[in-house]
Amino acid sequence: NIGFIGLGNMGSGMAMNLLQYCQNSEDELIVLDINETALNNLVGKGALNGKSVSNLCAQCDVLFTSLPSSKEINLLAFGEKGILESLKIGATWFETSTNELSEWQKVIDSAPSHLTLVDSPVSGGTEGAIAGTLVAFLGGDESVLIKFQSLLGAIASSVIRMGPTGSGYVTKLA
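In this text, all values refer to a predicted model and were calculated from it rather than measured experimentally.

Thresholds applied
Residues numbered from 1 in each chain as written. Predicted model: local features only at pLDDT ≥ 70, side-chain atom pairs only at ≥ 80, totals over all residues. Heavy atoms only, no water. Helix = DSSP H or I, 4+ residues; strand = E, 2+ residues; numbered from the N terminus. Rg over C-alpha atoms; globule rule 2.2 N^0.38 Å. Buried < 20%, exposed > 50% of the residue type's maximum accessible area, 1.4 Å probe, protein only. Contact = heavy atoms within 4.5 Å. Areas by Shrake-Rupley, 256 points an atom, 1.4 Å probe, with all protein chains shown as cover. Lys, Arg positive; Asp, Glu negative; His and termini not counted. Charge placed at Lys NZ, Arg CZ, Asp CG, Glu CD. Pairing = 2+ DSSP bridges.

## Focus on the overall build of the chain
Line of reasoning, step 1. A tally of regular secondary structure across the chain gives 10 helices and 9 strands.
Line of reasoning, step 2. A compact globule built from 174 residues should have a C-alpha radius of gyration of about 16 Å, and the chain, at 14 Å, falls within 12% of that.
Line of reasoning, step 3. In terms of its C-alpha atoms, the chain occupies a principal-axis envelope of roughly 35 × 35 × 25 Å.
Line of reasoning, step 4. Every one of the 174 residues in the chain was classed for burial, and the buried ones make up 48%.
Line of reasoning, step 5. Pairs at least 24 residues apart make up 65% of the contacts formed inside the chain by residues separated by at least 6 positions.
Line of reasoning, step 6. Working note: accessible area of the chain is about 7900 Å², and carbon and sulfur atoms make up 51% of it.
Line of reasoning, step 7. Side chains of the chain carry 9 positive and 17 negative charges; the gap between the two charge centres is 2 Å.

The following block contains the structure:
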């Protein structure tokens, strides 16, 4: 199961492409957003409503987030029933927002060792998100890029591993 939190301008396009990917595979897309219209749009097309962060994360092997800033990322990541506490053992989290490296490092430092966190900021604008032609800058292990290459290809026409954790944000913010 694939989860997606954050169905704004960028997230809705990425989530729609992931939904098409899921409909062509044996995966389910579970989505969540505070904007009911955006949420209902994807649910109406076949995605499942995650209902809450903890409920969505408990079902996901892979999570994508696309959020406005590090403030929202941290609000969802930390605390009881947050992402770090609720993601399934062995899950991978792709954080596609443009985040501050120091704030992402706090998330990484607090993450349980059974989770894989990948900073994966994207470039290409709303049009690229809709078309699935984004460029994704990954900060993480090469093995993660290889394992999820086809999944990442659903949202980005170019997926580039920039180096270890944090490298994706450094590249995007440079």
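## Quick word on the pairing of strand β4 (residues 62–65)
Line of reasoning, step 1. With burial as the criterion, each face of β4 is covered, one bearing V62 and F64 and the other bearing L63 and T65.
Line of reasoning, step 2. Here strand β1 (residues 2–5) pairs with β4 via 4 bridges, running parallel. Paired with I5 across the two strands is T65, which belongs to β4.
Line of reasoning, step 3. Of the strand pairs in this sheet, β4 and strand β5 (residues 92–95) are connected by 4 bridges, and their pairing is parallel. Counted as the bridge partner of F64 is F94 from β5.

Such coordinate-based values are descriptive only and should not be taken to indicate function.
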